[in-house]
Amino acid sequence: MKYCHIVILSDLAIQGVTVQTIFRAIFSLFLVVIVWINTSATILAEDETDLKLYARSAILVDAGTGRILYEENGFEVMPMASTTKIMTCILALESGKTEEWVTVSRNAQGQPKVRLGFKEGEEYQLEDLLYSLMLESHNDTAVAIAEFVGGSVEGFADMMNEKAVELGCENTYFITPNGLDATKDGKQHSSTAYDMALITSYALKNEEFRKIISASSHSFMEKSKTKQYTVYNKDAFLTMYEGAIGVKTGFTNGAGYCFVGAVKQGDAEFISVVLASGWPPNKNWKWKDTKTLMTYGLTEYESKDMEKKFSLDEVNSLIAKFKNKTYRNLFLEAGVDLVLGTHPHVIEPVEVFTREDGGGQMTVFYSIGNFVNWTSSSGAGIANRMVGGMA
């Protein structure tokens, strides 16, 4: 696994830079980290862990903190098939119209398989259509939802793209609400594993979304009560992994097999994304990849409760406890968690600085071998990343 890490300065991040030297200065109210950038040098730290996945692009993220725990080509722009419907669903839920009736258009009726099979002029409650969308991935349902919520497929695509930008997605472009391969103005319907993890993390904060994706089946009727449907959840991951809570499968000829998964065991919750995890007949590779990622996260990472305040001796004691093992990421944020993650290099701490900021918050800075970690508890939980390549 190879990727660029991030150092966070309060609420600001410097990304994708190579660090030649790092100077540290602690002032009365702020910890200032000055990063001297050598633009001619090569790139950042590498984690050599290789999970030997089938997917061309994959990522594992801590759902609670947003930390990347593993990735392979996780920022590569690729088609993402029906995982698109995660965004379609959350926008529909946020529209506040779930109890309203959706009239099926000719355009919706004419969508290619997989489809529910409703007819033009029929009416269905939006909430029911969301189960059709997420459990059986119906393409006609996606278009009916898009036209109802966004006024048109194009209008809904605009909403999808606006939401993606709002969530911090930098490499996502939606054209269709169902994820069918499409191009427009020279752009492809596409995303990245990382962006899809961002979207999913946001969607999982919605309890109704969680309820829909974890349902085993759902029955509903057309408004006139002359038609009834029962849809069944096609997400086999729900029954093959302890704590699985979804999320969405996908396949097109362009995207291959895709899957966004989520697992919650105890206090740990992880999101995984695999894109292009094989083509027919390798339908099960996406499940194998997802299980590999989730097992890696649950095995290699754990959280422990910490007190809000701790002394330099206590910090040194924690580091000493783990320094003879494989390197661990040490996250000391507002007393929330101590997060331990493996790294292939065995390295020892050089120095540790701690101090209390206003309001009883704590700032921690420590340097370990050729890696530098820094965390600041400036209110909301702030992620901590490594930067390597120091002279």
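For the structure itself, consult the block above.
The structure presented is a predicted model; accordingly, all values stated were derived computationally and were not measured.

Calculation rules
Residues numbered from 1 in each chain as written. Predicted model: local features only at pLDDT ≥ 70, side-chain atom pairs only at ≥ 80, totals over all residues. Heavy atoms only, no water. Axes fitted to C-alpha atoms, helices over the stretch in contact; angles between N-to-C directions. Helix = DSSP H or I, 4+ residues; strand = E, 2+ residues; numbered from the N terminus. Parallel < 35°, antiparallel > 145°, perpendicular 65-115°, else oblique. Contact = heavy atoms within 4.5 Å. Buried < 20%, exposed > 50% of the residue type's maximum accessible area, 1.4 Å probe, protein only.

Caption draft 1: Examining the packing of helix H1 (residues 85-94) against helix H5 (residues 153-166) more closely. Between H1 and H5, the least distance of the axes is 10 Å, while the angle of their chain directions is 95°. Here H1 lies roughly perpendicular to H5, going by the angle between them. Of the residues in H5, those in contact with Met87, Thr88, Leu91 and Glu94 of H1 are Phe156, Met159, Met160, Lys163 and Ala164.

Caption draft 2: Highlighting unusual backbone geometry. Cis peptide bonds are those with omega within 30 degrees of zero, and the linkage from Lys113 to Val114 qualifies with 10°. With respect to the helices, strands and loops of the structure, Val114 is situated in the loop between helix H2 (106-109) and strand E8 (123-125). Omega for the bond connecting Pro280 with Pro281 falls within 30 degrees of zero, at 10°, which places this linkage in the cis form. Mapped onto the fold, Pro281 is located in the loop between strand E15 (268-275) and helix H9 (285-300). Backbone geometry at Ser137 places phi at a positive 60°, although glycine is not the residue there. Relative to the helices and strands, Ser137 is located in the loop between helix H3 (126-135) and helix H4 (139-150). With a relative accessible area of 12%, Ser137 lands in the buried category. Phi at Asp185 takes a positive value of approximately 50°, unusual for a residue other than glycine. For Asp185, the location among the structural elements is in the loop between strand E9 (183-184) and strand E10 (187-188). Under the relative-accessibility criterion, Asp185 is labelled exposed at 70%.

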